[in-house]
Amino acid sequence: MSRSLPSSLTSSRRLPNVWDVVASACVLAGIVALVHVTPETFQPIDAPEAVAVSLDPANLPEYALRTTLRMFAALFASLVFTFTVAPLAAKSRRAGLLIVPILDILQSVPILGFLTFTTAFFMGLFPGKVAGLELAAIFAVFTSQAWNMAFSMYQSLTTLPADLVEAARAFRLTPWQRFWRLEVPYSMPGLVWNMMLSMSGGWFFVVASEAITLGDKSWTLPGIGSYVSVALDQRSMPSVWWAILAMFIVILAYDQLLFRPLVAWSAKFRMELTAGAVAEDPWVLKLMRRTRVLSVIMDVIGDGLATIARLRLSLPMAKGERHAQPPSKLADLLFYVAAALVAGWAVWLIVNYVASNDVGLSDVGEVVVLGMFTMVRVIVLIALAALVWVPVGVWIGLRPEWARRVQVVAQFAAAFPANLFFPIFVILIVKFHGNSDIWLTPLMILGTQWYILFNVIAGASAFPGDLQEAAKNLQVRGWLWWRRVILPGIFPYFVTGAITASGGSWNASIVAEVASWGDDKLQAHGLGAYIAQATTDGNFARVVLGVAVMSVFVLGFNRVLWRPLYAYATRRLTL
């Protein structure tokens, strides 16, 4: 008996339908947009309109496209960084001792600090081309996205439930299989929410990332951020409103097309689901399921990825196995000596560079005092943000339908650049003779408070349904429910959010402690204002000094408070 070809593509049920046409049109639009922008990337810097920004609203669609592509390129780089660095820190004790402090430092380094020292490198890769500036801007956005994503995955990998680890051992999964079949799925709910927050964080710093300075030369890359910067300099409120509208449309578009489907997809990786806990699928997922040809293509891709995940590859020992062998004291000693030598060499370079540029002990003392001003602001703001957003995040996270509703609102609020509030704050402070040290402070938390909210939502969304039902059956309510049930469950997520919010607030101080509206300029006393002024003056020695002191403050604060809390959460509160 002859056999017919089993290809699903030859079946009448797999012929293209109207939904294939709609989905193909969306994919084609993305390809056309990418092709349209690519030639502009390789233009000479001196070419007409290569780095020119116009306030004509007709240019905003192209500016929005270029900014969005930069942010997604940075998001892709952040994902690669997260899937490389976070597992290494979680699985290797020695690597974790080195990587986690480095991440603490890097998340505190201001965007301008990265731009100051990386622009020359990227421009050297493409001399005289816009591509060098584009890479510098993408890297700057990357520095606002990568750290909280890495911390989110690190937190998930270090708080894996013991019963899931034992199940993986019982099924004899290799480290490679366990990573893709257990650890990555378990990390997905928190990681997806932090991806959304990373995109929003990119918007928050997009104004700084699209303004490139190298020595006495400055360039402004066409984009929404540079459009906002020019509008603020020219005191054009209509242009500011046009920029806000463009931002809202872009955020709404990628929320509907990407993040809403990702959140719905990641929900299947929750530990447990109670009846009615799953929100309705978004329209994009429904569209994908109704397609025929595209569904076949996605099935083939999914089967290929599943095959790769099932490979029995050998990797470094996974969590739970790394303690099977007693640690070598000699190896530990050599590791600590090498780390101390590298740290000492870095400190020597910084001190030698700063000292050779006429920066004395009095300048160091001044910067330390300014750092204390900024630290007080950060502590107060994080405490207030926790009091407000932890209850809100728990309420939203335990109600998936509401999480879906507020998702785009939270993204837009998190993405709203602090610079757009400058006109309001400057006008009010000048009119009522307010104290800049006090009334500029809220600008520091506008973009970073959402780290706490998004992580708490992720933690509450991942909270096991059987524990919720048990608490309800035992009639555990009120403060006892908060203290014994939900706070222990979300505590690792809260600490992750608080760490990134704290570092982000230090980072945001460089934007928030200096505000301007046309010729009116206000400046608060703080380390962020010091670094911003040193960057404006082109004084790299003072930039290095400010960034170094800020890193010391953040690292010390994390070591004294956040890391002990994180260790407690990992040791005592893992479900």
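Residues numbered from 1 in each chain as written. Predicted model: local features only at pLDDT ≥ 70, side-chain atom pairs only at ≥ 80, totals over all residues. Heavy atoms only, no water.

Q: Could you clarify how one ought to interpret the overall build of the protein chain in this entry?
A: The helix and strand tally for the protein chain stands at 22 helices and 4 strands. Looking at the protein chain as a whole, 49% of its 575 residues qualify as buried. Summing over all exposed atoms, the protein chain offers an accessible surface of approximately 27,500 Å²; the carbon and sulfur share of this is 69%. (Helix = DSSP H or I, 4+ residues; strand = E, 2+ residues; numbered from the N terminus. Buried < 20%, exposed > 50% of the residue type's maximum accessible area, 1.4 Å probe, protein only. Areas by Shrake-Rupley, 256 points an atom, 1.4 Å probe, with all protein chains shown as cover.)

Q: How should I be thinking about the packing of aromatic side chains in this particular structure?
A: Ring pairs (aromatic) are described by centroid distance and by the angle formed between their planes. Counted under the stated rule, the structure contains 18 aromatic pairs. Here the aromatic rings of Trp389 and Trp450 are separated by 5.0 Å at their centres, their planes lie at 45 degrees, and the arrangement is tilted. Of this pair, Trp389 sits in helix H14 (residues 361–397) while Trp450 sits in helix H18 (residues 449–461); the two residues are 61 residues apart in sequence, bridging distant segments of the chain. Judged by centre distance (5.3 Å) and plane angle (85 degrees), the rings of Trp481 and Trp482 are edge-to-face. Classification of Trp482 by relative accessible area gives partly exposed; the value is 24%. (Phe/Tyr/Trp six-rings, centres within 6.5 Å; stacked < 30°, edge-to-face > 60°.)

Q: Before we go on, may I ask you to explain the pattern of salt bridges in this structure?
A: Two side chains bearing opposite charge may form a pair once their charged atoms approach each other closely. Within the structure shown, the criterion is met by 7 salt bridges. For the salt bridge of Glu513 with Arg377, the shortest nitrogen-to-oxygen distance reads 3.0 Å. Placement of Glu513 in the loop between helix H20 (478–512) and strand S3 (514–517) and of Arg377 in helix H14 is noted, with a sequence separation of 136 residues between them. Across this residue pair, the class does not change: Glu513 and Arg377 are buried. What you see here is one network of salt bridges that share partners, running through Arg66, Arg70, Glu134 and Glu210. (Salt bridge = Lys/Arg side-chain N within 4 Å of Asp/Glu carboxyl O.)

Q: Any chance you could explain empty space enclosed by the protein here in plain terms?
A: Under the defined criterion, the tally for this structure stands at 3 cavities of 30 Å³ or more. In this structure, the largest cavity encloses a volume near 140 Å³. Residue lining of the largest cavity: 15 residues in total, with Gln107, Ser144, Tyr451, Thr500 and Gly504 positioned closest to the centre. The residue inventory of the lining of the largest cavity, partitioned by class, reads 4 nonpolar, 11 polar and no charged. Split by domain, the lining of the largest cavity shows at least three residues from each of two domains, domain 1 (43–275) and domain 2 (358–575). (1 Å grid on protein atoms, 1.4 Å probe; cavity = no way out; pocket = protein on both sides within 12 Å on 5 of 7 lines; lining within 4 Å. Points joined across faces, edges and corners; volume = space filled by probe spheres on them. Nonpolar A, V, L, I, M, F, W, Y, C, P; charged D, E, K, R; others polar. Domains from an automatic or database assignment.)

Q: When you look at the environment of Ile427 in this model, what are you seeing that I'm missing?
A: One can find Ile427 in helix H16 (residues 422–432). Judged by relative accessible area, Ile427 falls into the partly exposed class, the value being 44%. Sequence separation between Ile427 and Ser516 is 89 residues, and the spatial gap between their C-alpha atoms is 9.6 Å.

Q: Is there a simple way to think about the nonpolar core in this case?
A: Within soluble globular proteins, side chains that are nonpolar generally end up buried alongside one another. With 129 residues, the main nonpolar core has Trp203, Ile452 and Phe494 as its most contacted residues. Among the elements that make up this core, the one with the highest residue count is H20 (16 residues). For this core, the domains that each give at least three residues are domain 1 (43–275) and domain 2 (358–575). If sequence neighbours within four positions are ignored, Phe494 has contacts with Ala386, Val390, Ile452, Val456 and Trp562. (Core = buried A, V, L, I, M, F, W, Y, C linked by side-chain atoms within 4.5 Å. Contact = heavy atoms within 4.5 Å.)

Q: When you look at the environment of Ala167 in this model, what are you seeing that I'm missing?
A: With respect to the element layout, Ala167 can be found in helix H6 (residues 162–170). You can call Ala167 partly exposed: its relative accessible area is 30%. Remark: the alpha-carbon pair of Ala167 and Leu182, spanning 15 residues in sequence, is separated by 9.8 Å.

Q: Looking at this structure, how should I read unusual backbone geometry?
A: Glycine aside, negative phi is the norm for most residues, and most peptide bonds take the trans geometry. Of note in the backbone geometry, Arg172 takes a positive phi value of approximately 55 degrees without being a glycine. Secondary-structure assignment places Arg172 in the loop between H6 and helix H7 (175–204).

Q: Help me understand the packing of helix H2 (residues 60–91) against helix H5 (residues 130–158), please; the structure alone is not making it clear to me.
A: When two helices pack together, their arrangement is given by the angle between the helix axes and by the axis-to-axis distance. It is at 6 Å that the axes of H2 and H5 come closest, and there the two elements cross at 40 degrees. Taken together, the axis directions place H2 and H5 in an arrangement best described as oblique. The handedness of the crossing between H2 and H5 comes out as right-handed. For the contact of H2 with H5, the residue count by class is 24 nonpolar, 4 polar and 3 charged. (Axes fitted to C-alpha atoms, helices over the stretch in contact; angles between N-to-C directions. Parallel < 35°, antiparallel > 145°, perpendicular 65-115°, else oblique. Left-handed = near helix turned anticlockwise from the far one by under 90°.)

Q: Looking at this structure, how should I read the confidence of the model for the protein chain?
A: Detailed reading of the predicted coordinates is not advisable wherever pLDDT falls low. Summarising the model, the protein chain shows a mean pLDDT of 78, and 82% of its residues fall at 70 or more. Taking the mean pLDDT of every element in the protein chain, the minimum, 68, falls on helix H13 (residues 329–355) and the maximum, 90, on H2. Segment residues 317–325: pLDDT under 50, and 22 contacts once partners within four positions in sequence are set aside and those in other chains are kept. (pLDDT = per-residue confidence, 0-100.)

Q: Teacher, can you tell me more about the packing of H2 against helix H10 (residues 237–266) here?
A: Their axes nearest at 10 Å, the elements H2 and H10 cross at an angle of 45 degrees. Judged on the interaxial angle alone, H10 and H2 are oblique. Where H2 crosses over H10, the two elements pack in a sense that is right-handed. When H2 is examined against H10, the residues Leu60, Ala64, Thr68, Phe72 and Leu75 are found in contact with a partner set consisting of Trp242, Ala243, Ala246, Val250, Tyr254, Leu258 and Phe259. In the contact of H2 with H10, the residues fall into 11 nonpolar, 1 polar and no charged.

Q: Which parts of the structure should I look at to understand the environment of Gln523?
A: Of note, Gln523 is situated in strand S4 (residues 520–523). Judged by relative accessible area, Gln523 falls into the partly exposed class, the value being 43%. Residues Gln523 and Ser436, spaced 87 residues apart in sequence, show a C-alpha to C-alpha distance of 6.4 Å. For Gln523, the contacting residues outside a window of four places in its chain are Ser436, Leu440, Glu513, Val514, Ala529 and Gln533.

Q: When you look at the side chain of Asn455 in this model, what are you seeing that I'm missing?
A: Along the polypeptide, Asn455 turns up in helix H18. Here the side chain of Asn455 touches Tyr451 through a polar contact of 2.7 Å, landing on its backbone oxygen. Beyond its immediate chain neighbours, meaning those up to four positions away, Asn455 contacts Asn194, Tyr493, Thr496, Gly497 and Thr500. (Polar contact = N/O pair within 3.5 Å; in protein donor to acceptor, adjacent residues only side chain to side chain.)

Q: Looking at this structure, how should I read a nonpolar patch on the surface?
A: There is a patch of nonpolar side chains on the surface, built from Ile297, Met298, Ile301, Leu305, Ile308 and Leu311 and spanning about 540 Å² of accessible area. With respect to the helices and strands, the residue Ile308 is situated in helix H12 (residues 293–309). (Patch = residues over 30% accessible without salt bridge, like charges linked within 9 Å, V, L, I, M, F, W, Y side chains within 5 Å.)

Q: What exactly am I supposed to notice about helix H11 (residues 283–290) here?
A: Since the α-helix packs 3.6 residues into each turn, any two residues three or four apart lie on the same face. Listed in full, the buried residues belonging to H11 are Val284, Leu285 and Leu287. With its buried residues spanning 160 degrees around the axis, H11 presents them on a single face. Packed against the buried residues of H11 are helix H1 (18–41) and H10. (Arc of directions from axis to C-beta.)

Q: I keep staring at the side chain of Gln177 and nothing clicks. Help me out?
A: Considering the arrangement of structural elements, one finds Gln177 in helix H7. For Gln177, a relative accessible area of 6% puts it in the buried group. There is a polar contact of 3.0 Å between the side chain of Gln177 and the backbone nitrogen of Thr174. Setting aside its immediate chain neighbours within four residues, Gln177 contacts Arg172, Leu182, Ala309, Arg310, Leu311 and Arg312.

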